[in-house]
Amino acid sequence: MLSIPVGATRLCDGATRRTFLRAGALAVPGLSLSLADLLRAEERAGSRSRHKAVIHITLGGGPPHQDTFDLKPGAPAEIRGEFKPIRTAVPGLDICEVFPKIAGLADKFAVLRSIVGAEARHDTFQCLTGWKLDELGSLGGRPCLGAAAGKLLGPVPGSAPTVVGLNNIGTWRRAGHGGFLGPAHGPFLPQGPALSDMRLKGTTADHLADRRRLLAAFDTARRDADRSGAMGAMDEFEKRAFEVITSSRLVEALDLSKEPEKVRQRYGDGKPYGRHILDGSPTANEMFLLARRLVEAGVRVVTVPYGRWDSHLDNFHFMRDHGPKLDQALTALVEDLDARGMLDDVTVIAWGEFGRTPKINKDAGRDHWPEVNCAILAGGGMKVGQVIGSTTRYAESAKDRPIDFQEVLATLYHNLGIDVTTAQLTDPTGRPQFLVDAKPIRELVG
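This structure is a prediction, so every number in the text was calculated from the model and none was measured.

S.K.: How would you summarise the pairing of strand E3 (residues 53-58) if you had to cite specific residues and measurements?
M.R.: Counting buried residues in E3 gives six out of six residues, a clear majority hidden from the surface. Neither face of E3 is open: one carries Ala53, Ile55 and Ile57, the other Val54, His56 and Thr58, and all of them are buried. Bridge analysis of E3 against strand E10 (residues 301-305) gives five bridges, and the strand direction is parallel. When the bridges of E10 are listed, Ile57 appears paired with Val304.

Encoded structure:
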């Protein structure tokens, strides 16, 4: 790894210090990328390929499947609830009335109605790994999708970190971790809805509103390196790695002010967050736009914890708040990816850790129900415009085609270009571990 002194540089916090930029690594919490070595290896192997990505939207708390994508209009009132199903662009697929935009775009989505094997705990770990939380716990646990993909694929040449987690605060908002691979493979975490407290190469960006000064500092560092002759001493690959760091595509991607106002309005802001959020993630719709920008910058996996879906109380008022916000953000993302020619390469999934009870409780809410769950997916070259699986009369359990969490994760790996039947990771004991113990969902990928 090459350390390059670039002289005194005034940073975004106003401090002047002698800065050392490390070509080949981004020194951010939980992340270290040997980019120059990767570029050399890829050049030798001639292995450049199209950039596949996953935008993983976790609906922490467990959304009610009966009030989203698996309504039971023929059930008694205490089970069917207040919502009516609406027709969609896919014949035979009806969904909840709070999702009119998704209904109109249903031919771009696939709905899974029969996910099984959940644990009755508030943790999106199964969504992020496919495994139970205590699996290989003594070794650090199973790595999340992004960590495993980063280990196997490495970063996209000339780009940002391999995996980024947004709004990652607390268990409900978990964006995944490196598991037995170690924290170096975990997601880069620009914290909070304002994306403050981001650190790049030991430089603190107190507020990303000051991005221009931060980028100016990188420009100064590049010029100083040129004047010192350090750039001339680098080989081609180190120069490219240096460019990645000093141009900071990550910082650029995080700057939503570069998006046209009409695009930002199309996604919406998800406000007001209101009393439904409590200890959950804000319904920050701009995170969906940010995810698209991060993928464009080269991130392979972006995790977006969205909302607080634990509707023990006042389930229907809650769904009237969260539902339309998700409807706007999710359809804007899919249409945006499609318009940019990215949809076949980017898989979008939105789901939670379990479903909700068929019977409405005394507080007009629905409680935890791990017996069955649902999910909605788009893109990734999948066979969309269909619903897979079904539940029993009152949505208590899977009726046909039960789908395990690991099948869903196997599909996401497949869409990233990873063969789950052969790909393995080595755990700290030296033993090889398969990514999941399942195959991709055949109805989606053939």
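S.K.: Any chance you could break down the pattern of salt bridges for me, citing the residues and the numbers?
M.R.: Counting across every chain of the model gives 22 salt bridges. Between Arg292 and Asp336 there is a salt bridge; the shortest N-O distance is 2.8 Å. Of this pair, Arg292 sits in helix H11 (residues 286-297) while Asp336 sits in helix H12 (residues 315-339), and the two are 44 residues apart along the sequence. Per residue, the accessibility class of Arg292 equals that of Asp336, and both read buried.

S.K.: Account for helix H13 (residues 405-415), with residues named and values stated.
M.R.: Of all eleven residues that make up H13, ten are buried, and the element is covered over most of its length. Three or more residues of H13 are buried, namely Phe405, Gln406, Glu407, Val408, Leu409, Ala410, Thr411, Leu412, Tyr413 and Asn415. A distance of 2.8 Å separates the backbone nitrogen of Gln406 from a side-chain oxygen at the start of H13, and that oxygen is part of Asp404. Within two residues after H13, Gly417 carries a phi angle of roughly 95°, on the positive side.

S.K.: Break down the confidence of the model for the chain for me, citing the residues and quoting the values.
M.R.: Summary statistics for the chain give a mean pLDDT of 82 and a share of 74% for residues scoring 70 or more. Between residues 1-36, whose pLDDT stays under 50, and residues either more than four places distant or in other chains, the model counts 109 contacts. Across residues 192-212, where pLDDT falls below 50, the model places 55 contacts with residues more than four positions away in sequence or in other chains.

S.K.: For H12, give the residues involved together with the corresponding values.
M.R.: The end-to-end C-alpha distance of H12 is 35 Å, a good match for the 36 Å that 25 residues give at a rise of 1.5 Å each. For H12, the tally of buried residues reaches 18 of 25 residues, placing the bulk of the element in the interior.

S.K.: So what about the packing of aromatic side chains? Which residues, and what values?
M.R.: This model, assessed by the stated rule, comprises five aromatic pairs. Between Phe288 and Tyr306, the aromatic rings sit 5.1 Å apart at their centres with planes inclined by 85°, giving edge-to-face as the arrangement. Placement of the pair is Phe288 in helix H11 and Tyr306 in the loop between E10 and H12, with a sequence separation of 18 residues. A relative accessible area of 1% means that Phe288 is categorised as buried. The ring of Trp131 is capped by Arg142, whose NZ or CZ atom sits 3.7 Å from the centre of that ring.

S.K.: So what's going on with the packing of helix H5 (residues 145-153) against H13? Residues and values would help.
M.R.: Closest axis-to-axis distance for the H5/H13 pair is 11 Å, and the angle between their directions is 35°. In the crossing of H5 with H13, the sense of the turn from one axis to the other is right-handed. Touching Leu145, Ala148 and Ala149 of H5 are Leu409, Leu412 and Tyr413, all from H13. Grouping the constituent residues of the contact of H5 with H13 by class yields six nonpolar, no polar and no charged.

Analysis parameters
- Residues numbered from 1 in each chain as written.
- Predicted model: local features only at pLDDT ≥ 70, side-chain atom pairs only at ≥ 80, totals over all residues.
- Heavy atoms only, no water.
- Buried < 20%, exposed > 50% of the residue type's maximum accessible area, 1.4 Å probe, protein only.
- Helix = DSSP H or I, 4+ residues; strand = E, 2+ residues; numbered from the N terminus.
- Pairing = 2+ DSSP bridges.
- Salt bridge = Lys/Arg side-chain N within 4 Å of Asp/Glu carboxyl O.
- Polar contact = N/O pair within 3.5 Å; in protein donor to acceptor, adjacent residues only side chain to side chain.
- pLDDT = per-residue confidence, 0-100.
- Contact = heavy atoms within 4.5 Å.
- Expected span 1.5 Å × (residues − 1).
- Phe/Tyr/Trp six-rings, centres within 6.5 Å; stacked < 30°, edge-to-face > 60°.
- Lys NZ or Arg CZ within 6 Å of the ring centre and 35° of its normal.
- Axes fitted to C-alpha atoms, helices over the stretch in contact; angles between N-to-C directions.
- Left-handed = near helix turned anticlockwise from the far one by under 90°.
- Nonpolar A, V, L, I, M, F, W, Y, C, P; charged D, E, K, R; others polar.

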